[in-house]
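Observations on the three-dimensional arrangement
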Amino acid sequence: MLILAALDQVNGGNGIARAVAAVCSVPEVVSHRGYGAPGAENTVRAFRDALEAGSEEVELDVHFTKDHQPVLMHDATVDRTTTGTGPVSGMTLSRFRALRTVDGEPPATLAEALELVRDSGGRTLVDLKEIPDAQDLRSLAGEYRRLDAYRWASLMSFSLPALRAVKSIPAHQGLLSRSAPSVSLARRFTFVGVRYDVLSRALAREYAAAGVAVYAWTPNDSGTWERLAGYDVQRVITDETPAYLAWAEARCEP
């Protein structure tokens, strides 16, 4: 939970100060695919904008190229968010990087995003969108080792086989679900990411009693944020980072 008091602005308004004395608590914000213009998702600029807006954690999506390099793309194809067409898995890294996103950047590699997050002192949730093969895993593990990312870059997925495939990487792991996973299944993970509209206070308490943190995705309005704060949800993964931080500040005004 994010503990806030008067929410004094720091760093020129690009962050929020932790309070010495807690006045209220709200779930920590996670910027879903970064933050920026529509379509400008999973880019270095989107992550930088989110962090500069005051977020301390970003969520990103990983696929693997034909030559087994982890890159950022939500969809299996590049069609929706770049100038190119076709599946990520059918492209070499060099071909992938020759494309351009809607904000004019080359589509990002996982390495670029992790370096940005590390240098900012932030955290990230790495959503595996496919099951890595042995060579994919070698590349992914290499980036975690190179950047010592284990404590601040959690791995998560909707796919249990994908999470099993990366068990050798000693990072926190979370199971994503469009429904509510059983408590017995949830106990196998550090956290569960549950669709916000299937969460209830009773369910959140069951997970908490089992020692499992709860992350809610992807609520984008203040009424839902208020409800989830009442459930003691640990994190809210949202598309509306500045609006969330403004809501949190207003909620915690003395």
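Residues numbered from 1 in each chain as written. Predicted model: local features only at pLDDT ≥ 70, side-chain atom pairs only at ≥ 80, totals over all residues. Heavy atoms only, no water.

Comments concerning the overall build of the protein chain
Within the protein chain, the secondary structure is distributed over 9 helices and 13 strands. Scaling as 2.2 N^0.38, a compact globule of 254 residues should have a C-alpha radius of gyration of about 18 Å, and the protein chain matches this with 18 Å. Across its three principal axes, the protein chain shows a C-alpha extent of roughly 55 × 45 × 30 Å. Counted over contacts in the protein chain with a minimum sequence separation of 6, partners at least 24 positions apart contribute 52%. A total accessible area of about 10,900 Å² is found for the protein chain, and carbon and sulfur atoms account for 50% of it. Seen as two clouds, the 27 positive and the 32 negative side-chain charges of the protein chain have centres 6 Å apart. (Helix = DSSP H or I, 4+ residues; strand = E, 2+ residues; numbered from the N terminus. Rg over C-alpha atoms; globule rule 2.2 N^0.38 Å. Contact = heavy atoms within 4.5 Å. Areas by Shrake-Rupley, 256 points an atom, 1.4 Å probe, with all protein chains shown as cover. Lys, Arg positive; Asp, Glu negative; His and termini not counted. Charge placed at Lys NZ, Arg CZ, Asp CG, Glu CD.)

A look at the packing of aromatic side chains
The final tally for this structure, using the stated rule, is 6 aromatic pairs. Ring centres of phenylalanine 158 and tryptophan 217 lie 5.5 Å apart, and the angle between their planes is 85°; this geometry places the pair in the edge-to-face category. Of this pair, phenylalanine 158 sits in the loop between strand 9 (153-157) and helix 5 (160-165) while tryptophan 217 sits in strand 12 (residues 213-217), placing them 59 residues apart in sequence. Measuring from centroid to centroid gives 4.2 Å for phenylalanine 191 and tyrosine 215, while their planes differ by 15°, and the two rings are stacked. Of the two residues, phenylalanine 191 is situated in strand 11 (residues 191-195) and tyrosine 215 in strand 12; the sequence distance between them amounts to 24 residues. On the basis of relative accessibility, which here comes to 6%, the residue tyrosine 215 falls in the buried class. (Phe/Tyr/Trp six-rings, centres within 6.5 Å; stacked < 30°, edge-to-face > 60°. Buried < 20%, exposed > 50% of the residue type's maximum accessible area, 1.4 Å probe, protein only.)

Digging into helix 3 (residues 110-120)
The set of residues buried in helix 3 consists of Leu110, Ala111, Ala113, Leu114, Leu116 and Val117. Glycine 121 lies just past helix 3 and shows a positive phi near 75°.

Here's the deal with the environment of alanine 186
By the secondary structure assignment, alanine 186 is in helix 6 (residues 183-186). Each C-alpha atom of the pair alanine 186 and valine 214 lies 9.8 Å from the other, and the pair is 28 residues apart in sequence. Not counting chain neighbours up to four residues away, the residues in contact with alanine 186 comprise Val192, Tyr207 and Val212.

Digging into the nonpolar core
Leu60, Val62, Leu72, Leu140, Tyr144, Leu155 and Ile169 are the most contacted members of the largest nonpolar core, which has 30 residues in total. Of all the secondary structure elements, the ones that give two or more residues to this core are helix 1 (44-53), strand 6 (57-64), helix 3, strand 8 (123-128), helix 4 (134-147) and strand 9. Setting aside chain neighbours within four positions, we find valine 62 in contact with Pro70, Val71, Leu72, Met73, Leu110, Val126, Asp127, Leu128, Lys129 and Glu130. Counting 26 residues, the second largest nonpolar core, distinct from the first, contains Cys24, Val194, Leu228 and Trp247. (Core = buried A, V, L, I, M, F, W, Y, C linked by side-chain atoms within 4.5 Å.)

Digging into the packing of helix 1 against helix 3
Direction vectors running N to C along helix 1 and helix 3 enclose 20°, while the axes themselves pass 10 Å from each other. It follows that helix 1 is roughly parallel to helix 3 by the angle criterion. Between helix 1 and helix 3 lies a crossing whose hand is right-handed. Residues Val44, Phe47, Arg48 and Leu51 of helix 1 form the contact with helix 3, whose participating residues are Glu112, Ala113, Leu116 and Ser120. (Axes fitted to C-alpha atoms, helices over the stretch in contact; angles between N-to-C directions. Parallel < 35°, antiparallel > 145°, perpendicular 65-115°, else oblique. Left-handed = near helix turned anticlockwise from the far one by under 90°.)

Side note on the pairing of strand 6
Of all 8 residues that make up strand 6, 8 are buried, and the element is covered over most of its length. The sheet contact formed by strand 5 (residues 28-32) and strand 6 spans 2 bridges and is parallel. Its bridge partner being in strand 6, serine 31 is matched across the sheet by valine 58. The pairing of strand 6 with strand 8 spans 6 bridges and is classified as parallel. (Pairing = 2+ DSSP bridges.)

Examining the environment of arginine 235
Relative to the assigned elements, arginine 235 resides in strand 13 (residues 235-238). Taking the C-alpha atoms as reference points, arginine 235 and tryptophan 217, separated by 18 residues in sequence, lie 8.7 Å from one another. Excluding anything up to four places from it in sequence, arginine 235 contacts Pro27, Glu28, Val30, Glu57, Arg123, Val214, Tyr215 and Ala216.

Some thoughts on helix 8 (residues 222-230)
Since there are 3.6 residues in each turn of an α-helix, residues three or four apart along the chain are aligned in direction. Those residues of helix 8 not exposed but buried are Thr224, Trp225, Leu228 and Ala229. One face of helix 8 carries all of its buried residues, which in axial projection span an arc of 140°. For helix 8, the elements touching its buried residues are strand 12, strand 13 and helix 9 (241-251). N-cap assignment for helix 8: the residue whose side-chain oxygen lies 3.2 Å from the backbone N of glycine 223 is aspartate 221. Two residues or fewer after helix 8 comes aspartate 232, characterised by a positive phi angle close to 60°. (Arc of directions from axis to C-beta. Polar contact = N/O pair within 3.5 Å; in protein donor to acceptor, adjacent residues only side chain to side chain.)

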